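Each chain, letter by letter, is given below.
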Amino acid sequence: MRNTNLMKSKFLSFIKNWHLKYIITIWIFWMTILILVGAIMFGRIPVSGPIHSYYGIGEELSVWTNWDGNNYIVIAREGYNIESLYAFFPLLPILIKILVNILDISYPLAGVIVSRLALLGALFFLVKLVEKEWGKNIAYKTAWLMLIFPTAYFMMAVYTESLFLFTTLATWYFAREKNWWLAGFFGFFAPLTRLLGILMAPVLFWEYLSSKDWSFKKIRFGLFASITPVLGLISYAYFNYTRTGDFLHFLNVQKYWAEVHSRGGYHNPFGIIWNELVETIAKIPNEGIFIIGGADLWMTLFAVGILIWITIKRTLRPPYLIWSWGLLMIPIISGSLVSMPRYVLGFFPMYIVLAIWCAKSKLFEQFYTFTSILLFAAFYIMFLFQVWLA
């Protein structure tokens, strides 16, 4: 009896400490609303021409595997049988393949399950990470604001956004807890999700040395954690070499996608943003208010604006700045803002700052929540009906 009560007490303590009730509730609520809204849209809006499956239970192409999502499904099903697919990193297809083999379900359904469970895991680590430095109230607001961000529906689809957030936030959390073994474990998988996961290497290096008061005499084996993201990337590079004879094939094949998305070369990211802004303003006489449809530019400006504010005000610790500048600037260096509305989802310090602002001003919280949900609804409907956004 005593052992039973002890186990029950530990279980309840675990639920409380990890905020399971709150996180699972908002995760289920968010997914339910999106699924119901999508079902209503498909049932009521007439569509001319072919439309993808909404439920994605079978092997047919579904709305949840649009565009890049289908590339991950192809890799999971057939492997890297097309040269251009090496640009897509392997962790998501590997997990999809594992789930298909275990549950005997379709590849699209497995992809959806992986993405949505990864989102749940990302929420757990986000709340725990933020709570450690800003308290429970800000942590809860941060999680909610991430879910209602205008392009957050990508985290329900077969894209790497939710898995990328899960691996990086888990790495951040365990680094802050000084659990270097687990930090290194998740750090290894971060660059196997997306190339920018390699940014966890300098973050882990900073976190480890700061935990040792920057004394090199105190360095122990825990420093190895900062190398694991590099090892993760090297493992994929070696896989490229065994298949193509080129360690950097995953980078070289980006030339193909650069042509597809009108990218190429290396550019000043601020110059790219400025040129896009000037071109957009020049369209006002002809397009008027419809220039607000240029989500690539406006979402980039929003995220970069917050990052500049964070940097000037020193709101967050240096590792957050290292991570954030790399995460936002590196994709733009290629010369385009294409897909930035999706890429900014990984910029989790943005949600922290927005939560802090919301906690300080009820008016701002109401305005931002209303605006964000409105944009979310518009973008989500566009996504469902295969209108390219990111």
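Residues numbered from 1 in each chain as written. Predicted model: local features only at pLDDT ≥ 70, side-chain atom pairs only at ≥ 80, totals over all residues. Heavy atoms only, no water.

### Observations regarding the nonpolar core
The biggest cluster of nonpolar side chains holds 127 residues, and the ones touching the most others in it are Ile96 and Phe348. The greatest single-element share of this core, amounting to 15 residues, is contributed by helix H5 (residues 107–134). Not counting the four nearest positions on each side in its chain, phenylalanine 348 is found in contact with Leu126, Leu129, Leu165, Leu169, Trp172, Tyr320 and Trp323. (Core = buried A, V, L, I, M, F, W, Y, C linked by side-chain atoms within 4.5 Å. Buried < 20%, exposed > 50% of the residue type's maximum accessible area, 1.4 Å probe, protein only. Helix = DSSP H or I, 4+ residues; strand = E, 2+ residues; numbered from the N terminus. Contact = heavy atoms within 4.5 Å.)

### Things to note about the packing of aromatic side chains
Two measures describe an aromatic ring pair: the distance that separates the ring centres and the angle between the ring planes. Evaluation of the coordinates by the stated rule reveals 46 aromatic pairs. Relative to phenylalanine 302, the ring of phenylalanine 149 has its centre 6.5 Å away and its plane inclined at 40°; by these criteria the two rings are tilted. One end of the pair, phenylalanine 149, is in the loop between helix H6 (136–147) and helix H7 (161–176); the other, phenylalanine 302, is in helix H15 (residues 295–313), with 153 residues separating them in the sequence. According to the relative accessible area criterion, phenylalanine 302 is partly exposed, its value standing at 31%. Taken together, the aromatic side chains of Trp30, Trp64, Tyr153, Phe154, Tyr159, Phe376, Tyr380 and Phe383 make up a single cluster linked through ring pairs. Lying across the ring of tryptophan 64, arginine 116 places its NZ or CZ 4.8 Å from the centre. Here the guanidinium or amino end of arginine 342 rests over the ring plane of phenylalanine 154, the centre of that ring lying 5.8 Å away. (Phe/Tyr/Trp six-rings, centres within 6.5 Å; stacked < 30°, edge-to-face > 60°. Lys NZ or Arg CZ within 6 Å of the ring centre and 35° of its normal.)

### Some words on the packing of helix H18 (residues 349–360) against helix H19 (residues 362–384)
Two elements in contact, H18 and H19, have axes whose closest approach is 5 Å; the angle formed by their N-to-C orientations is 130°. The angle between H18 and H19 falls in the class oblique. Contacts between H18 and H19 involve Leu354, Trp357, Cys358 and Lys360 on the former and, on the latter, Lys362, Phe364, Glu365 and Tyr368. Partitioned by chemical class, the residues of the contact of H18 with H19 number five nonpolar, no polar and three charged. (Axes fitted to C-alpha atoms, helices over the stretch in contact; angles between N-to-C directions. Parallel < 35°, antiparallel > 145°, perpendicular 65-115°, else oblique. Nonpolar A, V, L, I, M, F, W, Y, C, P; charged D, E, K, R; others polar.)

### Regarding the side chain of serine 324
Along the polypeptide, serine 324 turns up in helix H16 (residues 318–333). Within the structure, the side chain of serine 324 is placed 2.6 Å from the backbone oxygen of tyrosine 320, a separation counted as a polar contact. Setting aside anything within four residues of it in sequence, one finds serine 324 in contact with Leu307, Phe347 and Pro349. (Polar contact = N/O pair within 3.5 Å; in protein donor to acceptor, adjacent residues only side chain to side chain.)

### Things to note about the pattern of salt bridges
If you walk through the whole model with that rule in mind, you get 11 salt bridges. Notably, a salt bridge pairs aspartate 68 with arginine 342, separated by 3.2 Å at the nearest N-O pair. Placement of aspartate 68 in helix H3 (residues 68–78) and of arginine 342 in helix H17 (residues 340–343) is noted, with a sequence separation of 274 residues between them. Between glutamate 133 and arginine 317 there is a salt bridge; the shortest N-O distance is 3.9 Å. Of this pair, glutamate 133 sits in helix H5 while arginine 317 sits in the loop between H15 and H16, placing them 184 residues apart in sequence. Taking relative accessible area as the criterion, glutamate 133 reaches 26% and is therefore assigned partly exposed. (Salt bridge = Lys/Arg side-chain N within 4 Å of Asp/Glu carboxyl O.)

### Let's talk about helix H13 (residues 269–282)
The terminal C-alpha atoms of H13, which comprises 14 residues, lie 20 Å apart, in line with the 20 Å expected from a rise of 1.5 Å per residue. All of the buried residues along H13 are Pro269, Ile272, Ile273, Leu277 and Thr280. The buried residues of H13 occupy one face: seen down the axis, they fall within an arc of 130°. Exposed residues on H13 whose side chains face more than 90 degrees from its buried face are Trp274 and Ala282. (Expected span 1.5 Å × (residues − 1). Arc of directions from axis to C-beta.)

### Thoughts on unusual backbone geometry
Backbone geometry places aspartate 104, a non-glycine residue, at a positive phi of 55°. Mapped onto the fold, aspartate 104 is located in the loop between helix H4 (91–103) and H5. Judged by its relative accessible area of 70%, aspartate 104 falls in the exposed class. With a phi angle near 75°, serine 339 is a residue other than glycine that sits in the positive phi range. Exposure remark for serine 339: the relative accessible area of 4% places this residue in the buried category.

### Points about a nonpolar patch on the surface
Nonpolar side chains collect at one region of the surface, where Trp181, Phe221, Phe224, Ile227, Val230, Leu231 and Ile234 lie side by side and expose about 720 Å² of accessible area between them. When residues of the nonpolar patch are assigned to their parent elements, the largest contribution, three residues, is made by helix H10 (residues 228–244). Relative to the helices and strands, phenylalanine 224 is located in the loop between helix H9 (200–211) and H10. (Patch = residues over 30% accessible without salt bridge, like charges linked within 9 Å, V, L, I, M, F, W, Y side chains within 5 Å. Areas by Shrake-Rupley, 256 points an atom, 1.4 Å probe, with all protein chains shown as cover.)

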